[in-house]
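Observations on the model geometry
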Amino acid sequence: MKMSKEKRALIAGMIGCLLYVIGDFLFAATGKSQSTESIGLMVKVAYLDMATWRMVVSIICGVLGTALYYIGFHQLWKLLKQRLTQPKQQKWVKLFQIAYLTGTVCWGYVHAMFMNVALIFKFTFEKYGDMQAAAEIANKVFYCNAAPLLAAYILCDVLLSVVMLVMIWKRMLPLKNTAQRILASFCNPIVFTGIVGNLFTLLPWPLDQIDHGTESAGHLLVLVLGLVLLQEKAKCGECKEAVQ
């Protein structure tokens with residue numbers, strides 16, 4: 001069976017989000033015996049023990065993932081635009097567009113910035129042997145990037161999650177009953193991370209490490225709702241053909 005262009009685009013976006021998950025895991029996952037201590041806001045002692053290749057591959061995953069992220073979310077925006085044509089609905093479609101375009105512009109940069117902070121800490125310590133000084137330098141680099149990082153988080157994670165929840169509970173998406181709407185409410189980065197991610201942190205190692213990819217997995221689940229929307233569109237098309 002031939003896959004439609006729309007479905008291919010959504011799946012491409014899901015692969016991009018999966019690359020984000022892999023990148024997050026490579027960046028943040030720690031071994032059972034590794035320290036979980038942090039120095040300042042963004043520097044973990046465990047970075048000193050991590051292989052450099054993990055951070056390099058993580059950056060690559062972030063860059064490639066961003067390109068695929070755009071393909072998938074742009075397709076979902078087009079599906080929403082076709083379905084939600086009333087003026088009160090269109091403002092939410094516009095906010096969705098703002099959220100995913102923010103992600104397209106920022107996520108590759110944000111991902112690389114996190115990796116570079118870790119690399120600066122690691123290489124500075126290796127060169128000079130002063131952990132506190134290395135951490136101070138790395139944290140200062142992070143603080144310089146904090147404003148755009150916070151803006152990206154608010155616009156892409158928080159705004160995207162709010163938009164999806166409104167669309168779900170205002171019945172803008174083709175969900176048949178309350179149970180489906182409750183399940184769909186987990187399909188966004190804030191709720192999925194806040195509930196599912198925190199539950200993973202309560203589990204013993206290594207299961208607790210799965211938490212590191214739940215924010216990106218929340219974005220992937222948004223595109224799963226896109227597949228639901230696409231399936232409904234296909235059904236409507238079949239109904240029109242039957243009537244004709």
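Residues numbered from 1 in each chain as written. Predicted model: local features only at pLDDT ≥ 70, side-chain atom pairs only at ≥ 80, totals over all residues. Heavy atoms only, no water.

Moving on, we get to the overall build of the protein chain. For the protein chain, the helix and strand inventory stands at eight helices and two strands. Going from the N terminus to the C terminus, the protein chain shows its helices and strands as α-β-β-α-α-α-α-α-α-α. Out of the 244 residues belonging to the protein chain, those deemed buried represent 46%. Taking the contacts inside the protein chain whose residues are at least 6 apart along the sequence as the reference set, 76% of them involve residues at least 24 apart. As displayed, the protein chain has an accessible area near 12800 Å², and 67% of this comes from carbon and sulfur atoms. The distance from the centre of the 23 positive side-chain charges to the centre of the 14 negative ones in the protein chain is 15 Å. (Helix = DSSP H or I, 4+ residues; strand = E, 2+ residues; numbered from the N terminus. Buried < 20%, exposed > 50% of the residue type's maximum accessible area, 1.4 Å probe, protein only. Contact = heavy atoms within 4.5 Å. Areas by Shrake-Rupley, 256 points an atom, 1.4 Å probe, with all protein chains shown as cover. Lys, Arg positive; Asp, Glu negative; His and termini not counted. Charge placed at Lys NZ, Arg CZ, Asp CG, Glu CD.)

Before going further, it helps to spend a moment on helix α7 (residues 189-201). When we look at burial in α7, the residues that qualify are P189, V191, F192, V196 and G197. Taking the backbone nitrogen of I190 as reference, a side-chain oxygen 3.3 Å away marks N188 as the first, capping residue of α7. (Polar contact = N/O pair within 3.5 Å; in protein donor to acceptor, adjacent residues only side chain to side chain.)

Let us look at the pattern of salt bridges. A full pass over the atoms with the stated rule returns three salt bridges. The shortest N-O distance in the salt bridge between K233 and E6 comes to 2.5 Å. Of this pair, K233 sits in helix α8 (residues 214-243) while E6 sits in helix α1 (residues 5-28), and the two are 227 residues apart along the sequence. A relative accessible area of 33% means that K233 is categorised as partly exposed. Across the pair K122 and E126 runs a salt bridge whose closest N-O atoms are separated by 3.6 Å. Of this pair, K122 and E126 are both found in helix α3 (residues 87-128), four residues apart, which corresponds to roughly one turn of the helix. Of the residues examined, K122 reaches a relative accessible area of 5% and is grouped as buried. (Salt bridge = Lys/Arg side-chain N within 4 Å of Asp/Glu carboxyl O.)

When pLDDT is averaged along the protein chain, the result is 92, and 96% of the positions lie at 70 or above. For the protein chain, per-element mean pLDDT is lowest for α8, which scores 83, and highest for helix α6 (residues 178-184), which scores 97. (pLDDT = per-residue confidence, 0-100.)

This paragraph deals with the packing of α3 against helix α5 (residues 146-169). The interhelical angle for the contact between α3 and α5, taken along N-to-C directions, is 145°, at an axis separation of 8 Å. In terms of crossing hand, the pair formed by α3 and α5 is left-handed. Of the residues that constitute the contact of α3 with α5, the class distribution is 25 nonpolar, two polar and one charged. (Axes fitted to C-alpha atoms, helices over the stretch in contact; angles between N-to-C directions. Left-handed = near helix turned anticlockwise from the far one by under 90°. Nonpolar A, V, L, I, M, F, W, Y, C, P; charged D, E, K, R; others polar.)

With that settled, consider the side chain of N145. For N145, the position within the fold is in the loop between α4 (131-144) and α5. On the basis of relative accessible area, N145 is assigned to the buried category, the value being 17%. A distance of 2.7 Å separates a polar atom in the side chain of N145 from a polar atom in the side chain of Y109. For N145, the residues in contact, after removing those within four places along its chain, are Y109 and M113.

A word on α3. One turn of an α-helix holds 3.6 residues; hence residues three or four places apart share an orientation. With 42 residues, α3 should reach 62 Å at 1.5 Å per residue; the first-to-last C-alpha distance of 61 Å fits that figure. Of all the bends in α3, the greatest, near 45°, is centred on C106. Just downstream of α3, G129 is the residue with a positive phi angle, here 70°. (Expected span 1.5 Å × (residues − 1). Bend = angle between axes of the 7 residues up to and from the residue.)

F73, L80, F96, M167 and L173 are the most contacted members of the largest nonpolar core, which has 61 residues in total. If you list the elements that add at least two residues to this core, you get α1, α2 (52-83), α3, α4, α5 and α8. Residue contacts for F73: discarding those within four places in its chain leaves C17, F96, Y100, L160, H219, V222 and L223. (Core = buried A, V, L, I, M, F, W, Y, C linked by side-chain atoms within 4.5 Å.)

The linkage connecting W205 with the following residue, P206, adopts the cis geometry, with an omega of 10°. In this structure, P206 sits in the loop between α7 and α8. Although it is not a glycine, R171 adopts a positive phi angle of roughly 60°.

What follows is about the packing of aromatic side chains. Taken as a whole and assessed by the stated rule, the structure comprises 10 aromatic pairs. Taking the centre distance of 6.0 Å and the plane angle of 25° together, the rings of F73 and F96 count as stacked. Placement of F73 in helix α2 and of F96 in helix α3 is noted, with a sequence separation of 23 residues between them. Here F73 matches F96 in class, with each residue buried. Through a chain of ring-to-ring contacts, the aromatic side chains of Y20, Y69, Y70, F73, W77, F96 and Y100 assemble into a single cluster. (Phe/Tyr/Trp six-rings, centres within 6.5 Å; stacked < 30°, edge-to-face > 60°.)

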